[in-house]
Amino acid sequence: MEGSDEAAGTQPRWLRCFEAAEPAEDIVRAWLLELGPQGLADAKLDPHAARSALRAAIVDAREQSEAVRKDAASGWKLTATIIRAMDDAMGIGPLKPSALFGPKGVDLHAPRQIVKAEGRTGTVGLFWSSVQGAARVDLLLANGITHRLNVAAECERSLPEAAELVTKTVPMKDLQHEQLGEEAEAATVWVEQLRECMELLRGWKASAAASGTTINVNVNCQMGKNRSGAVIAAWLCLEHGWELIPAVEHLRQVSTLALGNPHLNVALAHVVGKDDVDIPLNPADEGGSWVTFSPPGSPKQMRTPKEEDLPTDSLADGAARRLHELNLGEREELAAEEEDGLADLADLLDEL
C-alpha cells in the first residue's frame, strides 16, 4: 500500500483526477494549473497546441495508468469529454466546413495539417492531400514534411522521386458500388491494409524516437478523400484517443465529402474496434446522402443487389446493410429527372 501511495504521489495532479473519475472540467483545470504561468500563457496563445498536448499526455499515460487503459478500451469516452471541456476552457469553437474552392491565391493542392508533431522527439505530424499535393515536392518540403504515405494503388507511379522524402505505398483500391460483388474480398483486404498503414506509421514514429527527431508524414490517395481519410481517422482513434464519429466529422470539416465510401468505412470501424458504430454518409440536400468514390461520384441510380449477390463476410454484411439503407427512391427519382431532361434536349435538337 505504501508503494502504491508513493507511485500516486509521483503522478501529475491531472492524472490523479483522471483516475478518480473527477469531472472533466476539474481534470482540465488541474492540467492548466500544472503548466505554470509561462505554460498557461503559451497555451492561451496557441490553444490548439495545448489541446493536442493534453490529448497526447493522456494517450502517453496508458503505460502507467490502468484508468487510461480502461478508457482506451472503452473507446476513449472520458478522454473525449475532457477534450471537449478543454475546448470550452480555451475558447476553441467547432471547425467550420471547408469550401469546395479555396480563396484566391491559395494552392488547393497544398497538404492540410491534421496532427502537429508538437516539437517532442519521436512525435509524428500528419498531413493530408490528394495525389496532386503529394506530387508537389516543393509544397511538402515547405511544410516540413519528411515522409509520404500513398494509399492509392493507381497512383504509385504518379509521385516524382525526391531524395529528401521517404516514400511508401500501400496499394488500396477505392471500389465503387457497381463493383459490389468484389466488396466482400475488398473489405478483408482493406482491414489488412489499414493495419499495415498503422504499423508503418508506428515504425516511422519509433525510428524518429530512436534518432531523437520528429517527423511529418503526408498521407494521400487519388482525391484525398476516402482511403487517405480512413488511414488518418484510424490514426486519430488508435493513437490520439479520438472517438470514431468525432474523428470522421472532424476530417469531413477539413475536406468536403471525405470518407464517403460506405464499404471502406465498415473496414475502418472494424480496425478501430467499433464494429457496432454506423458511420453516417455525407448529408445531401433534402435529406439525401452523398456516396463518393475515386473519381468523385454523385448521387445517382443504384441497383438493388439481389440476395444471392450480397457478400457473407461479416464486414461486408455491414457495408451491404448500409448500402440498402441509402435512399434508393431518391436516386431513382433523380435518374428519372435526368432521363426527362435528355428527352427534352433530344426534342429540342429535332426542332432545330
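The following paragraphs examine the structure supplied in this document. Keep in mind that what you see is a predicted model, and the values were worked out from it rather than measured.

Cut-offs applied
- Residues numbered from 1 in each chain as written.
- Predicted model: local features only at pLDDT ≥ 70, side-chain atom pairs only at ≥ 80, totals over all residues.
- Heavy atoms only, no water.
- Helix = DSSP H or I, 4+ residues; strand = E, 2+ residues; numbered from the N terminus.
- Contact = heavy atoms within 4.5 Å.
- Buried < 20%, exposed > 50% of the residue type's maximum accessible area, 1.4 Å probe, protein only.
- Phe/Tyr/Trp six-rings, centres within 6.5 Å; stacked < 30°, edge-to-face > 60°.
- Lys NZ or Arg CZ within 6 Å of the ring centre and 35° of its normal.
- Axes fitted to C-alpha atoms, helices over the stretch in contact; angles between N-to-C directions.
- Parallel < 35°, antiparallel > 145°, perpendicular 65-115°, else oblique.
- Left-handed = near helix turned anticlockwise from the far one by under 90°.
- Nonpolar A, V, L, I, M, F, W, Y, C, P; charged D, E, K, R; others polar.
- Salt bridge = Lys/Arg side-chain N within 4 Å of Asp/Glu carboxyl O.
- Polar contact = N/O pair within 3.5 Å; in protein donor to acceptor, adjacent residues only side chain to side chain.
- Core = buried A, V, L, I, M, F, W, Y, C linked by side-chain atoms within 4.5 Å.
- Pairing = 2+ DSSP bridges.

Quick notes on the environment of L54
Here L54 shows up in helix α5 (residues 47–60). Considering only alpha carbons, one finds L54 and I82, 28 residues apart in sequence, at a separation of 9.1 Å. Among all residues touching L54, those that are not within four sequence positions of it are V28, W31, I82, I83 and M86.

Considering unusual backbone geometry
Of note in this structure, A21 is not a glycine but carries a positive phi near 55°. Summarising the element assignment, A21 is placed in the loop between α2 (13–19) and α3 (24–34). For A21, a relative accessible area of 59% translates into the label exposed. Although it is not a glycine, L259 adopts a positive phi angle of roughly 50°. With respect to the element layout, L259 can be found in the loop between α12 (244–254) and α13 (262–271).

Regarding the packing of aromatic side chains
Summed over the entire model, instances satisfying the criterion amount to one aromatic pair. Their ring planes at 80° and their centres at 6.1 Å tell us that W14 and W31 sit as a pair that is edge-to-face. Of the two residues, W14 is situated in helix α2 and W31 in helix α3; the sequence distance between them amounts to 17 residues. Neither residue differs from the other here; W14 and W31 are each classed as buried. The positively charged end of R112 is found above the aromatic ring belonging to W128, 5.2 Å away from the centroid.

Things to note about the packing of helix α11 (residues 227–240) against α13
One can describe the packing of α11 onto α13 by two numbers: an axis separation of 10 Å at closest approach and a directional angle of 20°. In terms of their interaxial angle, α11 and α13 are classed as roughly parallel. The element α11 and its partner α13 pack so that their crossing is right-handed. Contact with α11, carried on its side by R227, A230, A233, A234 and L238, involves L264, L268 and V271 of α13 and no other residues of that element. Residue composition of the contact of α11 with α13, by class: seven nonpolar, no polar and one charged.

Looking at the pattern of salt bridges
Following the criterion strictly, the structure yields nine salt bridges and no others. D26 serves as the salt-bridge partner of R29, at 2.7 Å between the closest nitrogen and oxygen. Of this pair, R29 and D26 both sit in helix α3, three residues apart, roughly one helical turn. Salt bridges here are not isolated pairs; linked through shared partners, they connect E199, R202, K205 and E239.

Here's the deal with the side chain of R148
Residue position: R148 is located in strand β3 (residues 147–150). Side-chain polar atoms of R148 contact the backbone oxygen of A134, separated by 3.0 Å. Within the structure, R148 has its side chain in polar contact with the side chain of T167 (distance 2.9 Å).

With respect to the packing of α3 against helix α7 (residues 77–90)
At a minimum axis distance of 8 Å, the contact between α3 and α7 shows a crossing angle of 60°. Note that α3 runs across α7; the crossing there is right-handed. Between α3 and α7, the residues in contact are A24, E25, I27, V28, W31 and L32 and T81, I82, A85, M86, A89 and M90, respectively. Split into classes, the residues belonging to the contact of α3 with α7 amount to ten nonpolar, one polar and one charged.

Describing the environment of W76
Here W76 shows up in the loop between α6 (66–73) and α7. When its relative accessible area of 4% is taken as the criterion, W76 is described as buried. Separated by 165 residues in sequence, W76 and G241 have C-alpha atoms that sit 5.6 Å apart. With residues up to four places along the chain from it excluded, the contact list for W76 reads I58, V59, R62, V68, D71, C237, G241, W242 and E243.

A short note on the nonpolar core
L126, L149, L201, V217, V231, L244 and L268 are the most contacted members of the largest nonpolar core, which has 51 residues in total. Among the elements of the structure, β1 (112–115), β2 (124–129), α8 (131–135), α10 (183–211), β5 (215–220), α11, α12 and α13 are those that each provide at least two residues to this core. Of the residues forming this core, the biggest block, nine residues, is contributed by α10. In contact with L244, other than residues within four places in its own chain, are C237, L268, A269, V272, K274, V277 and I279. Listed in part, the 25 residues of the second largest apolar core include W14, F18, V28 and M86.

Quick look at the sheet that holds β3
The strand order across the open sheet built from five strands is β1-β2-β5-β3-β4, with neighbouring strands paired in mixed fashion. The open sheet terminates on both sides in strands that have one partner only, identified here as β1 and β4 (166–169). Neighbour to neighbour, the strand axes of the sheet diverge by 25° on average, direction disregarded. Taken together, the three bridges between β1 and β2 define a ladder with antiparallel strand orientation. When the sheet's bridge partners are listed, R112 is paired in β2 with W128. Most of the contacts of α11 go to β2, to which it runs at about 155°, and overall it touches β1, β2, β3 and β5. Where α12 meets the sheet, it contacts β1 and β2, and its direction lies at approximately 165° from that of β1.

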